[in-house]
Amino acid sequence: QATAAARAAAAKAGAAKPPPDRRPHAKIKSPYSRKSLQPLKQKLHDLRARLAGDIDSMGKEALRADEPEVDAENDADYGSDAFERTITLELMENEARTLRSINDALEAMEAGFFGVCSVCGEPIPLARLEALPFASTCVKCQAAAERLL
């Protein structure tokens, strides 16, 4: 049940972002060699494994079958439990979006288009990719997008 919830959250998160091949600059060749990207590829695989485990364990916690019984004495506890489950589900959605970004980055690596800003088409600096290996935009375009929020 938790795994199905995690997949549903991941699918929901992935639906908001267009697939990599529909982004404006998705077909510009990567400025980085496959060999130079090996450490980033490993980092992405490690992150993906950790996030998948986190999502699964959070799902099990949030969707546990043994719901507390509601009575006058436990109303506060029940409300607190419901609030914690809501927060956990929101965290799962956020991690599922990150997982989708990681998968997109790995797909772009395999296709040879990794490290190109999806907005302006310029190379994403290696320092940014080392800090955030699933980044799909350069700092300038990311800052501009955040100003619009």
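The shown structure was predicted, so the numbers you read here are calculated from the model rather than taken from an experiment.

A. Highlighting the overall build of the protein. Helix and strand content of the protein: five helices and zero strands. Counting from the amino terminus, helix and strand elements in the protein follow one another as α-α-α-α-α. Out of the 149 residues in the protein, the part that is buried amounts to 32%. Nonlocal contacts in the protein, meaning residues at least 24 apart in sequence, comprise 71% of its contacts between residues at least 6 apart. Taken as a whole, the protein presents about 9,300 Å² of accessible surface, with 56% of it coming from carbon and sulfur.

B. Layout of a nonpolar patch on the surface. Where nonpolar side chains cluster on the molecular surface, the patch consists of F83, I87 and L91 and spans about 290 Å² of accessible area. Among the structural elements, F83 can be located in helix α3 (residues 75-111). Exposure remark for F83: the relative accessible area of 56% places this residue in the exposed category.

C. Main features of the pattern of salt bridges. Tallying each qualifying case throughout the model produces four salt bridges. Two residues, R50 and D54, come together in a salt bridge whose shortest N-O distance is 3.0 Å. Pair noted here: R50 and D54 are both in helix α2 (residues 34-62), with a separation of four residues, about one helical turn. A relative accessible area of 44% means that R50 is categorised as partly exposed. Salt-bridge contacts for R100 lead to E107; the nearest nitrogen and oxygen are separated by 3.3 Å. The class of R100 is partly exposed, set by a relative accessible area of 26%. Via salt bridges that share partners, R100, D104 and E107 belong to a single interconnected network.

The rules we used
- Numbering of residues begins from 1 in every chain and follows the order in which that chain's sequence is written.
- It should be noted that, the model being predicted, local features are given only for residues of pLDDT at least 70 and side-chain atom pairs only at 80 or more, the latter also being counted only at that level, while totals for whole chains, interfaces and linings use all residues.
- Water and hydrogen atoms play no part in the side-chain values, which are based on all heavy atoms of the structure.
- Here a helix means four or more residues in a row that DSSP labels H or I, a strand means two or more in a row labelled E, and each is numbered from the N terminus.
- Any residue under 20% of the maximum accessible area for its type is buried, any over 50% is exposed, and the rest in between are partly exposed; the area is computed with a 1.4 Å probe on protein chains only.
- Throughout, a residue-residue contact means that at least one pair of heavy atoms, one from each residue, lies within 4.5 Å.
- Here, Shrake-Rupley sampling with a 1.4 Å probe gives the accessible areas, and only protein chains in the shown set may cover a residue.
- Here a patch means residues that are over 30% exposed by relative accessible area and free of salt bridges, tied together within 9 Å if like-charged and within 5 Å if nonpolar (Val, Leu, Ile, Met, Phe, Trp, Tyr).
- When a carboxyl oxygen of Asp or Glu is within 4 Å of a side-chain nitrogen of Lys or Arg, the pair counts as a salt bridge.

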